[in-house]
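One-letter residues, chain by chain:
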Amino acid sequence: MTELLKIDNLVTEFSIQKKRVSAVRGVSLQVRKGKTLVILGESGSGKSVMLRSILNLKPAGARISGSIKLGEEELLTKSPKEMEGIRGNRIAMIFQDALSALDPLYRVGEQIVETIAAHRKIGKAEAKSQVAELLGKVGIPSPEERMRAFPHEMSGGMRQRAVIAMALACKPDLLLADEPTTALDVTIQAQILRLFKEIQAEYGMSIVLVTHDIGVAAEMADDIAVMYAGKIVEYGRARQILSAPAHPYTVGLIEATPKRGQKGKLSAIPGQPPLITAMPEGCSFADRCPMARSSCREVTPAFTHYGEAHIAACYLLEEEQPVAQ
Amino acid sequence: MAINAPTAGGTAALATAGREPSRAAQIWKSFSRRKVALAALVVLLLIVLACLLAPWVAPYGPNDGAVTDRLKEVGSAGHVLGTDEQGRDILSRILYGGRLSLLSGVLPVLLASVIGGGLGVAAGYFGGWTNTIIMRALDIVFSFPAILLAIGISAALGPGISNIIISATVVFIPPIARIAESAAKEVRKEEFIEAAKTSGAGAGLIVRSHVLRNIFGKIFVFSTSQIGVCLMVASGLSFLGLGVSPPTPEWGFMLNNLKQLIFVNPVVTIVPGIFIFLTSLSLNLVSDALSDALELKR
């Protein structure tokens with residue numbers, strides 16, 4: 001079996017002012033063992049909610065349905081206690097802002113020890129030496145000393161490294177990363193991405209990385225899923241999607257990315273994503289799509305298979321294919 | 001085995017981290033910049049120490065009276081703060097009585113911090129129905145005027161210092177719970193709480209380690225500011241005869257006892273009041289400065 005995580009028809013609903021709205025509207029995805037899946041999308045497309053749904057983390061009143069399988073195990077039917085045993089242990093998560101993801105009143109080392117202690121019965125001294133080893137592994141100099149630092153005493157890049165070390169503490173099978181480099185400057189960003197690849201090679205873990213940055217996606221992805229308004233609109237191998245995007249939204253995203261040597265005005269996708277409280281009928285991208293027709297606004301398009309393991313949800317694909325200029 | 005080369009930023013941060021003064025030192029530096037607070041702290045320490053060491057410091061026993069020494073003025077030889085109608089030395093009675101008075105100022109706040117803090121954290125962290133039930137129940141208690149409620153409870157339980165402590169505790173639970181609730185609500189939204197959840201921490205562990213540690217400062221500062229108030233409430237109850245029974249010295253009750261001398265010896269009469277006032281004022285000044293100092297850096 002090559003899939004580590006299999007998500008099927010995932011729906012995450014919230015109540016907003018007594019009305020039920022869905023932030024994730026039927027997402028199906030596979031994460032391959034030892035590979036990186038990048039989820040690409042704008043702010044508010046439901047990427048982060050989906051990522052949290054994998055860990056069954058939801059605000060009060062939210063409902064998650066569908067199926068999430070880690071290996072052979074269904075995660076959505078697990079008890080809260082069982083989920084606590086999985087979080088941080090088999091699935092770990094990294095957040096965008098390392099400063100706020102670390103408790104300001106704890107020394108960095110203590111927080112990592114806490115994670116290990118939640119899942120493994122080991123002595124304090126042993127946990128400490130493990131933490132020092134981890135911090136060294138993620139490239140933090142003189143780890144024994146840095147363990148005693150408070151989060152505010154570290155630089156942004158160092159903090160993100162510490163958070164990564166915390167995620168690696170129990171050698172998870174799957175690492176979820178929610179825009180892990182967005183808060184960092186570009187040089188540090190490149191270092192952190194390289195670190196991700198190195199730890200992936202060493203631990204053989206799968207990574208799900210959420211980003212809105214196509215550059216990051218191109219650098220990291222084995223597979224890409226493009227998310228729009230709570231749905232996957234295109235999914236496939238990174239190479240195919242970046243070189244021959246099928247869905248008009250993906251085409252728009254790629255064209256809105258500056259390229260080397262490009263002159264003139266950068267093109268942008270007109271309009272705004274639809275509000276979660278007012279989802280249109282049919283294709284949710286139709287209102288912003290340059291190629292939309294009347295049928296698009298009636299029924300949501302199904303996925304069209306488009307080459308090997310490459311799918312996209314658009315009516316146009318049945319006849320013509322949109323091509324990036 | 002380092003996978004990645006260390007960056008210059010890391011070593012620079014390391015250098016500054018080493019030289020940063022400790023947190024305690026920072027708080028003390030900010031606190032001691034306020035001369036008034038410093039003076040208040042000295043006064044407070046003097047009063048507390050003198051009361052604790054009363055058997056060694058006080059010139060007389062608390063109940064040693066001599067008929068010949070009755071109704072001495074403040075400043076009389078051998079009786080610096082005068083004597084009462086039974087010839088007992090006021091200074092000695094103040095020092096011995098201070099132990100009970102201070103205890104009835106500190107203990108209710110301490111108990112209320114534990115109980116109210118616990119209720120508030122539970123309400124704030126778990127939210128929803130838990131919050132509604134706990135906070136609305138406390139609102140009912142809160143809706144009574146504090147002093148009246150304390151008098152009511154004390155009167156119902158009967159006179160005695162332990163009943164004063166109980167009634168004062170009840171009065172101070174709701175405000176402390178409110179502070180704890182709002183602080184816990186704030187902390188609950190922090191990303192490190194979510195990060196702790198994603199690392200597999202259960203609610204118990206999160207509350208114990210992250211929530212309590214992060215709201216401790218707020219509760220501590222508020223509670224210390226309430227000790228002065230509590231001292232006044234307890235003294236007030238005692239003044240009304242709901243506290244100690246004679247001849248045990250206690251500031252509030254002494255005030256009651258001496259009030260009959262107000263036309264004979266007016267200055268002696270107000271001595272216990274001055275001690276209540278001084279202690280309460282110093283406590284407030286210290287807690288004020290402390291709250292500023294603690295907010296220096298998070």
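Residues numbered from 1 in each chain as written. Chains lettered and ligands numbered in written order. Predicted model: local features only at pLDDT ≥ 70, side-chain atom pairs only at ≥ 80, totals over all residues. Heavy atoms only, no water.

### Some words on the overall build of chain A
- A count of helices and strands for chain A gives eleven helices and twelve strands.
- With the C-alpha coordinates of chain A rotated into their principal frame, the extents come out at 65 × 50 × 40 Å.
- A burial count over chain A gives 55% of its 325 residues as buried.
- Within chain A, contacts between residues at least 6 apart in sequence are counted, and of these 65% link residues at least 24 apart.
- The distance from the centre of the 40 positive side-chain charges to the centre of the 37 negative ones in chain A is 2 Å. (Helix = DSSP H or I, 4+ residues; strand = E, 2+ residues; numbered from the N terminus. Buried < 20%, exposed > 50% of the residue type's maximum accessible area, 1.4 Å probe, protein only. Contact = heavy atoms within 4.5 Å. Lys, Arg positive; Asp, Glu negative; His and termini not counted. Charge placed at Lys NZ, Arg CZ, Asp CG, Glu CD.)

### What about the interface of chain B and chain A?
- Taken together, the contact between chain B and chain A spans 30 residues of the former and 40 residues of the latter.
- Regarding the contact of chain B and chain A, the summed buried area is about 3,100 Å², with carbon and sulfur atoms giving 56% of it.
- Counting across the chain B and chain A interface gives one salt bridge.
- A salt bridge links Glu194 of chain B to Arg52 of chain A, with the nearest nitrogen and oxygen atoms 2.4 Å apart. (Buried area = accessible area lost by both parts, 1.4 Å probe. Salt bridge = Lys/Arg side-chain N within 4 Å of Asp/Glu carboxyl O.)

### Re the UniProt feature "domain: ABC transporter" (unreviewed entry) in chain A
- Look at the UniProt record and you will see "domain: ABC transporter" (unreviewed entry) annotated at residues 5-254 of chain A.
- Annotated as 40% helix and 28% strand, the span residues 5-254 of chain A places its first and last C-alpha atoms 27 Å apart. (UniProt positions renumbered as here; feature names shortened; annotations may be inferred.)

### Focus on unusual backbone geometry
- Following Pro246 of chain B, the chain continues to Pro247 of chain B via a peptide bond in cis, the omega torsion being 5°.
- Tracing the backbone shows Pro247 of chain B in the loop between helix H10 (203-239) and helix H11 (251-258).
- Positive phi values are uncommon outside glycine, yet Ser142 of chain A reaches one of about 35°.
- With respect to the helices and strands, the residue Ser142 of chain A is situated in the loop between helix H5 (124-137) and helix H6 (143-146).
- When its relative accessible area of 31% is taken as the criterion, Ser142 of chain A is described as partly exposed.
- Positive phi values are uncommon outside glycine, yet Glu179 of chain A reaches one of about 45°.
- Relative to the helices and strands, Glu179 of chain A is located in the loop between strand E7 (174-178) and helix H8 (186-203).
- A relative accessible area of 8% means that Glu179 of chain A is categorised as buried.

### Focus: H8 of chain A
Residue and element names in this part refer to chain A.
- The terminal C-alpha atoms of H8, which comprises 18 residues, lie 26 Å apart, in line with the 26 Å expected from a rise of 1.5 Å per residue.
- Among all positions of H8, only Ile188, Gln189, Gln191, Ile192, Leu193, Leu195, Phe196, Ile199, Gln200 and Tyr203 are buried.
- Phi turns positive one or two residues past the end of H8, at Gly204, with a value near 70°. (Expected span 1.5 Å × (residues − 1).)

### Quick word on H5 of chain A
Residues and elements named next belong to chain A.
- Over its 14 residues, H5 runs 20 Å from end to end, which matches the ideal 20 Å to within 8%, given 1.5 Å per residue.
- Among the residues making up H5, those that are buried are Ala127, Val131, Ala132, Leu134, Leu135, Gly136 and Lys137.
- Against the buried residues of H5 lie helix H4 (108-119), H6, helix H7 (156-168) and H8.
- Backbone geometry just downstream of H5 places Gly139 in the positive-phi region, at approximately 85°.

### A short note on the pattern of salt bridges
Residues and elements named next belong to chain A.
- Across all of its chains, the model carries 23 salt bridges over all chains by this definition.
- Here Asp178 makes a salt bridge to Arg52, at a shortest N to O gap of 3.0 Å. Of this pair, Asp178 sits in strand E7 while Arg52 sits in helix H1 (residues 47-54), and the two are 126 residues apart along the sequence.
- For the salt bridge of Glu73 with Arg90, the shortest nitrogen-to-oxygen distance reads 2.8 Å. With a gap of 17 residues between them, Glu73 in strand E5 (residues 73-74) and Arg90 in the loop between helix H2 (80-86) and strand E6 (91-94) connect regions that are remote in the sequence.
- Accessibility expressed as a relative area gives 25% for Arg90, which makes it partly exposed.
- Here the salt bridges share partners, and the residues they tie into one network are Glu73, Lys78, Arg90 and Asp173.

### Observations regarding the packing of H10 of chain B against helix H13 (residues 271-294) of chain B
Residue and element names in this part refer to chain B.
- Interhelical geometry of H10 versus H13 gives an angle of 170° and a closest axis separation of 9 Å. Judged by the angle between their axes, H10 and H13 are roughly antiparallel. Contacts from Gly217, Phe220, Val221, Thr224, Ser225, Ile227, Gly228, Val229, Leu231, Met232 and Ser235 in H10 reach Ile276, Thr279, Ser280, Leu283, Asn284, Ser287, Leu290, Ser291 and Leu294 in H13.
- Residues that form the contact of H10 with H13 fall into these classes: ten nonpolar, ten polar and no charged. (Axes fitted to C-alpha atoms, helices over the stretch in contact; angles between N-to-C directions. Parallel < 35°, antiparallel > 145°, perpendicular 65-115°, else oblique. Nonpolar A, V, L, I, M, F, W, Y, C, P; charged D, E, K, R; others polar.)

### Brief notes about the UniProt feature "domain: ABC transmembrane type-1" (unreviewed entry) in chain B
- Per the UniProt annotation, the sites labelled "domain: ABC transmembrane type-1" (unreviewed entry) are residues 98-287 of chain B.
- Secondary structure within residues 98-287 of chain B divides into 83% helix and 0% strand; the distance between the first and last C-alpha atoms comes to 20 Å.

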